[in-house]
Amino acid sequence: MGTILQAQGLTKRFGQTTALDNVELSLESGRIVGLLGPNGSGKTTFIKIASGLLTPTAGQVLIDGVAPGPQTKAQVSYLPDRTYFDNWMKVSDCLELFADFYQDFDRVKANDMLHSLGIDASKTFKTLSKGTQEKVQLALVMSRQAKLYLLDEPIGGVDPAARDFILDTIIRNYNEEGTVVISTHLISDIEKVLDDVIFLWDGRIERTDSVDHIREQSGKSVDEVFREVFKC
Amino acid sequence: MFGRQAYCQKATLEVRRCILKWNFSNDHSIAPQIVEMIQTGILAGFYPLGSALPSVRALAVEAGVNPNTMQKALAELEAQGLLYTQRTSGRTVTTDERLIMELKERRAHDYIRHYFEGMQSLGIARDRAAEMLAASASASTSADTSASDTKATTTTTNTTEVN
Amino acid sequence: MLSKLLKYEFKATARIFLLTYGALVALALVNAGLITLRTTSSALSGSSLYGLATTLMMMLYGLAAVAVVIVTLIIILVRFYRMLGDEGHLWFTLPVTATQHILSKLIVAFVWMIASLVVVIASVALVVLPTAWYQHLGSVGSSWNALVAQGFNPGAWTVVVLALLVISLVCSILEYYAAMAIGPNLLKSRLGGSVLTYVIFYFALELINLGVLMVLSFGVSGKFSNINFAISDTGMLSTETASAINRLVSTTSLTVGVEYLVLAVVFFCLARYFMTRKLNLA
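Since the model is a prediction, treat every value here as computed from it, not as a measurement.

The rules we used
Residues numbered from 1 in each chain as written. Chains lettered and ligands numbered in written order. Predicted model: local features only at pLDDT ≥ 70, side-chain atom pairs only at ≥ 80, totals over all residues. Heavy atoms only, no water. Helix = DSSP H or I, 4+ residues; strand = E, 2+ residues; numbered from the N terminus. Buried < 20%, exposed > 50% of the residue type's maximum accessible area, 1.4 Å probe, protein only. 1 Å grid on protein atoms, 1.4 Å probe; cavity = no way out; pocket = protein on both sides within 12 Å on 5 of 7 lines; lining within 4 Å. Points joined across faces, edges and corners; volume = space filled by probe spheres on them. Nonpolar A, V, L, I, M, F, W, Y, C, P; charged D, E, K, R; others polar. Pairing = 2+ DSSP bridges. Axes fitted to C-alpha atoms, helices over the stretch in contact; angles between N-to-C directions. Contact = heavy atoms within 4.5 Å. Parallel < 35°, antiparallel > 145°, perpendicular 65-115°, else oblique. Left-handed = near helix turned anticlockwise from the far one by under 90°. Phe/Tyr/Trp six-rings, centres within 6.5 Å; stacked < 30°, edge-to-face > 60°. Lys NZ or Arg CZ within 6 Å of the ring centre and 35° of its normal. Polar contact = N/O pair within 3.5 Å; in protein donor to acceptor, adjacent residues only side chain to side chain.

Q: Hey, could you go over the environment of Val71(C) for me, with residue numbers and the actual values?
A: Residues and elements named next belong to chain C. When you line up the elements, Val71 lands in helix 3 (residues 48-83). For Val71, a relative accessible area of 32% puts it in the partly exposed group. Sequence spacing of Val71 and Phe92 is 21 residues, and the spatial spacing of their C-alpha atoms is 26 Å.

Q: A description of the layout of surface pockets should follow, citing residues and the corresponding values.
A: By rolling a water-sized probe across the atoms, one finds the places where empty space is left. Roughly 670 Å³ of volume is contained in the largest pocket. Lining the largest pocket we find 22 residues, and of these Asp86(A), Trp88(A), Ala12(C), Thr13(C) and Arg79(C) sit closest to its centre. Those elements that provide at least two residues to the lining of the largest pocket are helix 3 (91-101) of chain A together with helix 1 (2-40), helix 3 and helix 4 (88-91) of chain C. Of the residues forming the lining of the largest pocket, the biggest block, seven residues, is contributed by helix 1 of chain C. Estimates place the volume of the second largest pocket at around 550 Å³. Lining of the second largest pocket is provided by 20 residues; of these, Phe14(A), Gly15(A), Pro184(C), Lys188(C) and Asn280(C) occupy positions nearest its centre. A per-class count over the lining of the second largest pocket returns eight nonpolar, seven polar and five charged.

Q: I'd like to hear about the pairing of strand 1 (residues 3-14) of chain A, residue by residue, with values.
A: All names here are of chain A. Across eight bridges, the pairing between strand 1 and strand 2 (residues 17-28) is antiparallel. Note that in strand 2 the partner of Arg13 across the bridge is Thr18. Where strand 1 and strand 4 (residues 58-63) come together, five bridges link them in antiparallel fashion. The residue bridging Thr11 from the neighbouring strand is Ala58, located in strand 4.

Q: Tell me what's going on with the sheet that holds strand 1 of chain A, and back it up with residues and numbers.
A: Residues and elements named next belong to chain A. A sheet is described by the order of its strands in space; here three strands give the open sequence 2-1-4, paired in antiparallel fashion. Pairing within the sheet leaves two strands with one partner each, and these edge strands are strand 2 and strand 4. Each strand axis lies, on average, 15° off the axis of its neighbour in the sheet, ignoring direction. Contacts from helix 1 (residues 43-51) reach strand 1, strand 2 and strand 4, with the element oriented near 120° to strand 1.

Q: Explain the packing of helix 8 (residues 190-220) of chain C against helix 9 (residues 239-276) of chain C residue by residue, including any values.
A: All names here are of chain C. At a minimum axis separation of 11 Å, helix 8 and helix 9 run at an interaxial angle of 150°. In terms of axis orientation, helix 8 runs roughly antiparallel to helix 9. Crossing handedness for the pair helix 8 and helix 9: right-handed. Taken together, the residues of helix 9 that come into contact with helix 8 (itself represented by Phe201, Leu205, Ile208, Asn209, Val212, Leu216 and Val220) are Leu248, Thr251, Thr252, Thr255, Glu259, Tyr260, Leu263, Phe267 and Leu270.

Q: Account for the packing of aromatic side chains, naming residues and giving values.
A: The final tally for this structure, using the stated rule, is 19 aromatic pairs over all chains. Look at Tyr273(C) and Phe274(C): their rings are 5.4 Å apart centre to centre, the planes differ by 85°, and that puts the pair in the edge-to-face class. Three or more aromatic residues link up through ring pairs in this structure, and these residues are Tyr84(A), Phe85(A), Phe98(A), Tyr102(A), Phe105(A) and Phe125(A). Note that Lys105(C) overlies the ring of Trp91(C), its terminal NZ or CZ placed 5.6 Å from the centroid.

Q: Let's hear about the side chain of Asn173(A): which residues, and what values?
A: Of note, Asn173(A) is situated in the loop between helix 6 (160-172) and strand 7 (179-184). Taking relative accessible area as the criterion, Asn173(A) reaches 8% and is therefore assigned buried. Looking at Asn173(A), its side chain comes within polar contact range of the main-chain oxygen of Thr169(A), at 2.7 Å. Contacts of Asn173(A), omitting those with residues within four sequence positions, involve Lys109(A), Met113(A), Met142(A) and Arg57(B).

Q: How would you sum up the packing of helix 1 of chain C against helix 5 (residues 98-127) of chain C? Please name residues and give values.
A: Between two packed helices, what matters for the description is the angle formed by their axes and the separation of those axes. Residue and element names in this part refer to chain C. Direction vectors running N to C along helix 1 and helix 5 enclose 10°, while the axes themselves pass 9 Å from each other. Viewed along their axes, helix 1 and helix 5 adopt a mutual orientation that is roughly parallel. For the contact of helix 1 with helix 5, a count of residues per class yields 23 nonpolar, seven polar and two charged.

What follows is the structure, given as structure tokens:
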């Protein structure tokens, strides 16, 4: 147990717009954390910085005490909000790629997951439906034994059955050394799965708390509290 | 055998056709809701005495909740004595029949209390409510259900007491 | 890690390149065949229709040869460009350094560029096969010996020319890469920024080349005044002339080589810097 992620004075500006404003954050290992906020609140920006795809304008983020780089990338499993495989790659090629580059990749688990989804590994990514593509990516990402999972909007725009599969997979793959960060604006669907939540608004953290504490304190669901906090 | 429905204050547990349906209310912490549901499951015989419980992870997946939360709930049930951990084989339901009886008693009293509270909110006095309960109980055991129903309805229409 | 990246890069590009090369070789063979038929059959050599067909085929081949080189370059650029786009979400979350990414793309690009040149040259050799040019290979040997007798070193020159070719190729590829790495930081449009950066590089390079040329001419002026192309009775140049020419060649090639080497390193470092400290994937 320990702090797996630490953000200190994290700021990101794109030209004139400030996506993240002086974010201070600390995440413990073994927690399932919800990064909640409306579109444009900085959730994706934060996740991308932690994954090493964006560089901060100011401040820093540390994964297990190290700034994002090849070392952290070996410990962080990132699921983007889009497909990132070359269309001509076969599902088996994608598996091969993950097995090649990630030491912590569990090939057997990935194959089992794809099998239970009824996905033919010899098909190219292009021939799969969008929902199936997302499931393949999720299966690969969750088959890693990573210290930090960053899932960017995994349940947005997805049918209820797929949503159940995603939450199911997250619960199933939970391990005490891994922290899962799920960014979303659909809260009521995932509340039951979360340990802690972070409310992000306009690049700033409005509130961080455990789900239990919020419910006990307010007698309301996190979804309801969220709506209250972000009522314009 | 599993056609009954058990009502809890905070959560609904439908024990139907041997499939446990987990319905949570998002207003309150989940762990206590799980505790109550599993208690009901044990009392209703869904989790037989002395049987092994599925693993924390499997239960968490089944219930669709965070494994930490499920762990908390199971720990609480262990503290209550309903579950105990065997060294290698995970958690098992207790065989302590006395404890079960105690729990059933307490639950029964809860249901009774709910009944009376419900009747009170309808403005029906306590002893009147007790009468209706007794009548309903004997009516459901008699062969001629329709006859007892009309008897019950005629008795209620004579009620004038308001509390 | 680098070897794995190379594996994927080759796998991803092999099919299209081999198809293109195959098509070019096929066209070359067709042309060679048509020419051979014309020389062997008097009936065909008289026919103007046949002549038209062969001319068209030759033009097609010519275009294809040029196209192969251009297409190779385009594919190389597009691969790097796409790596910095959506696909980047995959590549830049792998536990791989920017250096390894650049090197893997560079090595594969270099290999395919050389391959395309080799294939074009080989296809030309195929096309002119009917002229039986291979019978004249012996004369190359005698020319070689003549140069050696003059006091020149054709072996070393070949090595130098090849080395310069390699360095300038590597340098130009890295110039493109650096431009694409810097591009997103310059303009809102990634493509626009990359093109703009490349244009800036182009003009900067022109200036640098001019500067190097001036330094070179300044440095060599006066030192080669004793070059006298007068040929003596034995049919050879004087030894001072030969050694002067040797010095000229080596000085120039060394200067140009060093210039391109330095530029290549600069471009590499620029690309790496902008892919680590200034990475901003959409």
